[in-house]
Amino acid sequence: MLFKKMSMELDVFVGNTTVLDEDVYQLWLDGQTVTDAVRIRIEAGALQECEANAEVLLSDTMDQFRTFQMCERLLQSPSKVANQLLFQIPPHRQTMLIERYYEFDSMFAREVLGKKLSKGTKKDLDDIGSKTGIVLKSCRRQFDNFKRVFKVVEELKGPLVENIQRHFLLSDVLARDYAAIVFFANSRFETGKRKLQYLSFQDFAFCAGQLISYWTVGAVDNVVENMDVDLEKEFLHDLKDLKVLVNDKDMLDQHKSLVCAQLRGKIKVFSEMEASFKNLSRALVNIASKLTHTKDVRDLFIDLVEKFIEPCRSDKWTIGDLRLFLTHYSSSVHTLEAFRRQVIWDRYMGVIKSCILKMYHD
Amino acid sequence: MPGKLKAKIVAGRHLPVMDRASDLTDAFVEVKFGNTTFKTDVYPKSLNPQWNSEWFKFEVDDEDLQDEPLQITVLDHDTYSANDAIGKVYIDIDPLLCSEAATVISGWLPIYDTIHGIRGEINVLVKVDLFNDLNRFRQSSCGVKFFCTTSIPRCYRAVMVHGFVEELVVNEDPEYQWIDRIRTPRASNEARQRLIFLMSGELQRKIGLKVLEMGGNAVVGYLQCFDLEGETGLVVRAIGTACTLEKISTLPATATHPSNSSPSKDMKDSPQAAPSTLGCRSTHSSPVHSASSRLSQGFSVSVPTLLFAGMKPRHRSSEAPRARQCRPGFGEEAPGVPLSSGPPTPLRAQTFSSFSPSKSYSRQSSSSDTELSLTPKTGMGSGGSAGKEAGPLKALLRQQTQSALEQREYPFFTLTAFPPGFLLHVGGVVSARSVKLLDRIHNPDEPETRDAWWEEIRQEIKSHAKALGCHAVVGYSESTSICEEVCILSASGTAAILSSRFMQDGSLDTEHRLSRQPLCVFSTGSERVEGDMGSSASLGFEEVVPPGCGFCHIPYDELNIPFPAQLTYCYCCRRYKVPDVLFTTIDLPTEANVTGKGCLIQARLCRTKKKAQGEGNATAISNLLPFLEYELHTQLMNKLKLRGMNALFGLRIQISVGETMLLGLASATGVYLTALPSPGGIQVAGKTPSDITYEQHISNMQKKINDTISKNKELHEINPPEVVEEIIGSPIPEPRQRSRLFRSHSESSDEVSELDLSHGKKDAFVLEIDDTDAVEDIHALLTDSPTPAGFYSCNTEIMPGIQNWTSAIQMFTSVRVFRLNANLTNQGLNKIFSDLCENLLKSLYFKLRSMVPCCLCHLNFTVAIPEDELIQVAVTAVAMSFDKEQSLENGKQSGEKTLIKAITENDEQLQFNLELNAETSSPNPLSSPKGLSEVGSHPSARDRCSSWIEQLKLKAHTIRRGSVKTTSSLEKASPLPEGRSRSLRSNRSYSGSSVAVVKMTPLSFIPGAKIIKYLGIINMFFIRETTSLREEGGVSGFLHTFIAEVFAMVRAHVAALGGNAVVSYSMKECVFMENPNKNQAQCLINVSGDAVIFIQESELESTSVQTQSATTHTSNGGEGT
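Student: How would you summarise the overall build of chain A if you had to cite specific residues and measurements?
Tutor: When helices and strands are counted, chain A shows 22 helices and one strand. The C-alpha radius of gyration of chain A comes to 26 Å, more than 25% above the 21 Å expected for a compact globule of 362 residues. With the C-alpha coordinates aligned to their principal axes, the bounding extent of chain A is approximately 95 × 45 × 35 Å. Within chain A, the fraction of its 362 residues that count as buried is 54%. Partitioning the intrachain contacts of chain A with sequence separation of at least 6 by distance along the chain shows that 71% fall at a separation of at least 24. A total of about 16,000 Å² of accessible surface is found on chain A, and carbon and sulfur atoms cover 51% of it. The distance from the centre of the 51 positive side-chain charges to the centre of the 52 negative ones in chain A is 5 Å.

Student: Please set out the sheet that holds strand E21 (residues 647–657) of chain B residue by residue, giving values where relevant.
Tutor: Residues and elements named next belong to chain B. Pairing within the open sheet is mixed, and its four strands lie in the order E19-E21-E22-E20. One side of each edge strand has no neighbouring strand; the edge strands of this open sheet are strand E19 (582–583) and strand E20 (594–608). This element, helix H13 (residues 614–642), spans E19, E20, E21 and strand E22 (661–673) of the sheet and lies at about 150° to E20.

Student: Can you break down the sheet that holds strand E11 (residues 218–230) of chain B residue by residue, with the values?
Tutor: Residue and element names in this part refer to chain B. Strand order in the open sheet made by the four strands is E9-E11-E12-E10, with mixed pairing throughout. In this open sheet, the two strands that pair with only one neighbour each are strand E9 (145–146) and strand E10 (156–171). Where E9 meets E11, two bridges bridge the pair, whose relative direction is parallel. Each bridged residue has a counterpart across the sheet, and for Lys145 the counterpart in E11 is Ala218. Across the sheet, helix H2 (residues 185–214) lies against E9, E10, E11 and strand E12 (233–247), angled at about 135° from E10, the strand it touches most. Strands E10, E11 and E12 of the sheet are contacted by helix H9 (residues 448–467), whose axis makes an angle of about 135° with E10.

Student: Now, about the environment of Phe846(B): what can you tell me, with residues and values included?
Tutor: Along the chain, Phe846(B) turns up in helix H19 (residues 826–847). Once the C-alpha coordinates of Phe846(B) and Val486(B) are considered, the two residues, 360 residues apart in sequence, prove to be 38 Å apart. Ignoring anything within four residues of it in the chain, the contact list for Phe846(B) reads Arg41(A), Ala46(A), Glu49(A), Cys50(A), Ala52(A), Val56(A), Leu57(A) and Asp60(A).

Student: Pulling in residues and values, what's your account of the pattern of salt bridges?
Tutor: Residues and elements named next belong to chain B. Under the counting rule described, the total for this entry stands at 51 salt bridges over all chains. For Glu659, the salt bridge identified is with Lys611, shortest N-O distance 3.6 Å. Placement of Glu659 in the loop between E21 and E22 and of Lys611 in the loop between E20 and H13 is noted, with a sequence separation of 48 residues between them. Residue classification places Glu659 among the partly exposed positions, given a relative accessible area of 28%.

Student: Summarise unusual backbone geometry; cite the residues concerned and give the values.
Tutor: That bond from Val852(B) to Pro853(B) is cis: its omega, -5°, falls within 30 degrees of zero. Looking at where Pro853(B) falls in the secondary structure, it is placed in the loop between H19 and strand E27 (854–864). Even without being a glycine, Lys316(A) presents a positive backbone phi close to 60°. Looking at where Lys316(A) falls in the secondary structure, it is placed in the loop between helix H20 (300–314) and helix H21 (319–331). The residue Glu484(B) is not glycine, and still its phi comes out positive at about 55°. Inspection of the secondary structure assignment puts Glu484(B) in the loop between strand E15 (472–483) and strand E16 (486–498).

Student: Could you give an account of the interface of chain B and chain A, naming the residues involved and the relevant values?
Tutor: With 67 residues of chain B at the contact, the number on the chain A side is 49 residues. Summed over both partners, the interface of chain B with chain A buries about 5,000 Å², with 58% contributed by carbon and sulfur atoms. For the chain B face of the interface with chain A, the top three residues by lost area are Phe846(B), Lys847(B) and His1040(B), together amounting to 17%. We note a salt bridge from Arg816(B) to Asp11(A), for which the minimum N-O separation is 2.9 Å. Broken down by secondary-structure element, the contributors of at least two residues to the side of chain B that touches chain A are strand E7 (105–113), strand E8 (117–130), strand E26 (805–820), H19, helix H26 (978–989), strand E29 (999–1000), helix H27 (1034–1056) and strand E31 (1061–1075) of chain B. Per-element tally for the side of chain B that touches chain A: the top contributor is H27(B), with 13 residues.

Student: Explain the side chain of Thr595(B) to me, using residue names and the numbers behind them.
Tutor: Residues and elements named next belong to chain B. By the element assignment, Thr595 lies in strand E20. Classification of Thr595 by relative accessible area gives buried; the value is 3%. Separated by 3.1 Å, the side chains of Thr595 and Thr674 make a polar contact.

Student: So, the packing of aromatic side chains: which residues are in play, and what are the values?
Tutor: Residue and element names in this part refer to chain B. A full pass over the atoms with the stated rule returns 50 aromatic pairs over all chains. Just above the ring of Trp55 sits the side chain of Lys6; from NZ or CZ to the centre is 5.4 Å. If you follow Lys247 out to its NZ or CZ, it ends over the ring of Tyr156, 5.4 Å from the centre.

Student: Kindly report on the packing of helix H10 (residues 136–154) of chain A against helix H11 (residues 160–168) of chain A, identifying the contributing residues and their values.
Tutor: Residues and elements named next belong to chain A. Taken N-terminus to C-terminus, the directions of H10 and H11 make an angle of 115°; their axes are 10 Å apart at the nearest point. Comparing their axes, H11 and H10 come out roughly perpendicular. As for the relative orientation of H10 and H11, their crossing is right-handed in sense. Counted together, Arg148, Val149, Val152 and Val153 of H10 and Leu160, Asn163, Ile164, His167 and Phe168 of H11 form the full contact between these two elements. A class-by-class count of the residues in the contact of H10 with H11 yields six nonpolar, two polar and one charged.

Student: Summarise the environment of Ala85(B); cite the residues concerned and give the values.
Tutor: All names here are of chain B. Along the chain, Ala85 falls in strand E6 (residues 84–91). Judged by its relative accessible area of 31%, Ala85 falls in the partly exposed class. For Ala85 and Val74, which are eleven residues apart along the polypeptide, the C-alpha to C-alpha distance reads 6.1 Å. Not counting residues within four places of it along the chain, the set of residues in contact with Ala85 comprises Met18, Val74, Leu75 and Arg119.

Student: Explain the packing of H21(A) against helix H22 (residues 342–359) of chain A residue by residue, including any values.
Tutor: Residues and elements named next belong to chain A. The interhelical angle for the contact between H21 and H22, taken along N-to-C directions, is 175°, at an axis separation of 10 Å. As summarised for this structure, H21 and H22 are arranged roughly antiparallel, according to the angle between their axes. Counting all contacts with H21, which are made through Ile319, Leu322, Arg323, Leu326, Thr327, Tyr329 and Ser330, the residues of H22 involved are Trp345, Met349, Lys353, Ile356 and Leu357. Grouping the constituent residues of the contact of H21 with H22 by class yields eight nonpolar, two polar and two charged.

Student: Provide a residue-level description of a negative patch on the surface, including the pertinent values.
Tutor: Residues and elements named next belong to chain B. On the surface, Glu172, Asp445, Glu446 and Glu448 cluster together into a patch of negative charge. Residue placement: Glu448 occurs in helix H9. What makes Glu448 partly exposed here is its relative accessible area of 35%.

Student: Lay out H19(B) in plain terms, naming residues and giving numbers.
Tutor: All names here are of chain B. A rise of 1.5 Å per residue sets the reference length of H19, with its 22 residues, at 32 Å; its end C-alpha atoms lie 31 Å apart and thus fit the reference within 8%. A large share of H19 lies buried, amounting to 18 of its 22 residues. Backbone nitrogen of Gly828 and a side-chain oxygen of the N-cap are separated by 3.1 Å at the start of H19; the cap is Thr825.

Student: Outline the state of the cysteines, listing residues and values.
Tutor: As enumerated under the stated definition, the model contains zero disulfides over all chains in all. Cys606(B) takes part in no disulfide bond, and the closest cysteine sulfur, belonging to Cys837(B), lies 9.0 Å away.

Student: So what's going on with the side chain of His1053(B)? Residues and values would help.
Tutor: Residue and element names in this part refer to chain B. For His1053, the location among the structural elements is in helix H27. Owing to a relative accessible area of 11%, His1053 belongs among the buried residues under this scheme. Not counting chain neighbours up to four residues away, the residues in contact with His1053 comprise Val89, Tyr90, Ile91, Leu109 and Met1020.

About the thresholds
Residues numbered from 1 in each chain as written. Chains lettered and ligands numbered in written order. Predicted model: local features only at pLDDT ≥ 70, side-chain atom pairs only at ≥ 80, totals over all residues. Heavy atoms only, no water. Helix = DSSP H or I, 4+ residues; strand = E, 2+ residues; numbered from the N terminus. Rg over C-alpha atoms; globule rule 2.2 N^0.38 Å. Buried < 20%, exposed > 50% of the residue type's maximum accessible area, 1.4 Å probe, protein only. Contact = heavy atoms within 4.5 Å. Areas by Shrake-Rupley, 256 points an atom, 1.4 Å probe, with all protein chains shown as cover. Lys, Arg positive; Asp, Glu negative; His and termini not counted. Charge placed at Lys NZ, Arg CZ, Asp CG, Glu CD. Pairing = 2+ DSSP bridges. Axes fitted to C-alpha atoms, helices over the stretch in contact; angles between N-to-C directions. Salt bridge = Lys/Arg side-chain N within 4 Å of Asp/Glu carboxyl O. Buried area = accessible area lost by both parts, 1.4 Å probe. Polar contact = N/O pair within 3.5 Å; in protein donor to acceptor, adjacent residues only side chain to side chain. Phe/Tyr/Trp six-rings, centres within 6.5 Å; stacked < 30°, edge-to-face > 60°. Lys NZ or Arg CZ within 6 Å of the ring centre and 35° of its normal. Parallel < 35°, antiparallel > 145°, perpendicular 65-115°, else oblique. Left-handed = near helix turned anticlockwise from the far one by under 90°. Nonpolar A, V, L, I, M, F, W, Y, C, P; charged D, E, K, R; others polar. Patch = residues over 30% accessible without salt bridge, like charges linked within 9 Å, V, L, I, M, F, W, Y side chains within 5 Å. Expected span 1.5 Å × (residues − 1). Disulfide = S-S within 2.5 Å.

In structure tokens:
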């Protein structure tokens, strides 16, 4: 009855210290409309607080949303947040605002992973939104964040994670996730194939971390000018030399017998392992030797799944069996006297082993 | 030629992109003062230019230094076309002119554009070299300190309170100049901003001159306002209280530290010099322009609240307004009533003599063309007796102070809080209003007409005060409301009797002078004052009055009461008469004895009026005003009773005029004064011929009311006075029965005794519901929802019953505009307006729920009718957290007053002695050393400085008691609200951002902190306009950004002065206009306050015990800004 007779034209609340409600911030980040946010808050029991009514809640939500919208411009270049004058926000709240703004849904990140962060992809956000149930507005924010971070650190020298942390003032954990996203976007790894669908963002982020730590230029050289985003060309080239492990029949047999000797009685799938050893070894070495081609680098994960993980899985290897196998598979190479590229082998297998172990699940 | 202004432009940052092609800016800066302009080099292609300019030097008169702002313009260099302005910074250099204030302005200041808002920041350095050539005949008043604070500033002591200063300057409004048609909105806005800066400077300089003439060195309670009259001009006016202040040095020994800047230094310690200044004062008190004759009279009412007490309002309502109403119509008859009952004041005589004896409406044109004379002068308060007082003792006192005050034209004080012993008695609220037509001003460019208007009103106020037996008006303020050509001028204050202690008086007897010499030094925190009170009493010119109740004692003669009131003997001292209800515009005196807690009480009223023009409109408004005022008071009184309280403080009645309606909003803080009698309930009385269902209805209503009253009493912890009496330990303990007896003796009114018999309840306030209006009223009464748990609210500085503030404070401004969609009746309007205010309050509570337990202090509502059918409500207040556990204990531990002993040892360092002082003086038989140590063991104490005292004591007792650890753990265990504990943690981990935190508060103090320096007044005026309203987030987005920008600019300027807080902050003007069809909006905001440096109390003592460290963390909390 009241509303018929009057309407609110204007309603603002400005505190000397900017008033920020973290729950409402989350709703805003989630891309909720004001109406939905009010409904969600009511469902969460906000009306019990402080004798509020729906009108109060609406006013508060609108006001908070407006505040966040005003802050958004600053959040897009987080280094400005600390020395801007418009909002007086205590440092810990600034950190919270930034961190939360850059947080993302791993469901969403999983979808975008390895894709080119261009405008064309943005059109797909609608699809991603309907697939993951994430509100389009939130998808936009997350996508724009990826793009923004990517653009800034793409050309920067020095360690990727540190660069992200320095420019976006993010926590270590979040910066690592962004490093993974940037790394995947840069190398354009294939992650979208149906066979890779079972892998989560965290699986890939782990693998990315491994790749960044061991296979990039920055991994060997501690010189700061080096770039972290690209895999080391020289190393990839050297991987060709591993071919001898499968091409040389003697070496392959010797390798097999060494591994079998070590694993006999220790794994349940011994016979299956014995039968497929050559195939598995060939798969891993072939993947390595092909990495000089950009196309094959992109297919690294699908190759690992198709050529290694799936055969193991069909033979019902347990994760423990797999771990033992991989450990001995890579270590026994050291006893092959004819083999000279031990360092390259270790660098390769170290990453491959941890990636496979991470990826080996249902 | 006494000043050299130097400015240096260091750098810029976050500049906007001005060149789309390169995404960069080629910025340079113009520095202008007066007519001199300097330029920096162009710093090419950067959004963060480093100019690092030379020092630009301006050699100027100090008069110009006071009037002009330093204007810094940042521009983008363009080789081919005109340079684009990025924005401007105006710097008020006044703080640099006073040696006690800031010495340099240095820091990042926002670059502001009236169309785009803040566009980056500029780092500047500004200094002033002042040659101390003190020419007696100069036009400048450098060195006079200005304070918005309406009490003696915290680190000063008042040597002398000289009195009222006022000034008014007028100019053509640039928006209404012909040139405005051809210039850009930006140019027009900037012209306006600059003009107001200049006018404020000029006004301040002129007021300063008056202060110097009076022999003062400071203006306290400086209140500057704008009247945007429109076509007729732009008025900037200010009032304040001239004082001689002295800085309190940290060492008690050097109490009479000479303050170097003050040219009136010689005055300070020698009362002998007083006569010479008297001469000066007389010139001051009659400003040149005041000679204009008071031709006509506005409507005015004096409202000693007692008027309505214990009376049947219905009867009154029909009488009083009618009397007023008829007066403009029957001009000749009218004078009879009030004049017969009271001695004609000169004003009145004049007023009436100016009336032509012809018919009312012709009179207006004949008396003067420029003004509308409507004189619905009433007998509400002023109609009563203004006879001299009876008591011989009082008379003696009065003669003395009166002689001091009578020489002043206006014995007004803008202060709302006073040095102890200054405020003796309070009479009640006096107010006056007058309706004027702006288009009738003869010389719109000259201030004479407006001066005359205000003079009229002030005279009115003065006479009202006299009628209340008072010689002074305290808590005085003035305001206007303008709608088209109609302007309502309002003034209000509290009639009071003051001690002559801080006033100059040549005719004082030697005895007094002798006594005054030790007394004349008053410090905000000194034990000495307490002693003074005793000595003054012993000298015999004032009765010994327990200070906790003294101000409640009636100043008027009880046999000749100016209005019907019930008087009783004071419930504290039992010796003097007190009224049953007390309304005031001042803050609750710190020494007042209060039972329970206070709360915000608002009366809200809307009245429709017909659209009219010119005189007809003014007449209609004049006719409505008395009704409005009367009903607001009835509402206030009812709501006060409903809360079981008996006094209102900080009363502020705002009446706003629109084309089709009038809005009235009265806000005040209700309290239960222990000295005053317990308020009776509210009795509902029905129509005489009534049926059973009706009676049922009545009794239901009665029950509801009674329930509400008892609920409210519980909520506000108002215990029955019997208990209170025991606690306080009145010097003359009297059994309750006897006091009753006393009272019934004094109650001679038959009406009351009749009530007594019929309802068995004393002083019940009778509400007759003889019409639907009254039923509505009662419903309205009951709709005010109580504050949610954990919240308290008040519109005064301090909330009685809460002292243990944490340092978490949050100042905020909230603005709402409502559109009324339908043609509404008065009742409908009332309901909407009331709901609007209630909802706004609810929203505030909800917003600030993380600060619970907390109190919203200084809740200051401003209503306006920006357009037809629009209502705008703006609130500025501060939310302050307090410690719940302590406050609970508080109520029980009145024995804490004994803490005083600890203070005496260290009084000089203390900031809050004022309050403590008050407590010392209240006699306390309970005090014993034992109690002392007991109290000390609790981390709770009554005062803000309590923890400090605790600590002292703890220090003393540490070894013996070994209880320190326990205490601190207790303290830590107290559940801090989440937000606060979080900030606590973070503050340790983050060493601070690059932007200094600046606290803002409308109060004169910062809890848990000590103000160590006042850096000068902040007085800023901004205009913001947009032609892309939708793109900026609509009206709300636009205003939200603007207010945030204003805050940011205030903070930046304070930080540049070297300060870390603004106290006594207020948003005086917020004029919002929109035109959604054109996608446009414009807003004007004026803010003011005192820039200060404060240090956390905890930082004062570096060697702190653990108890203290607990407080330290909270007080450093980033949340509390």
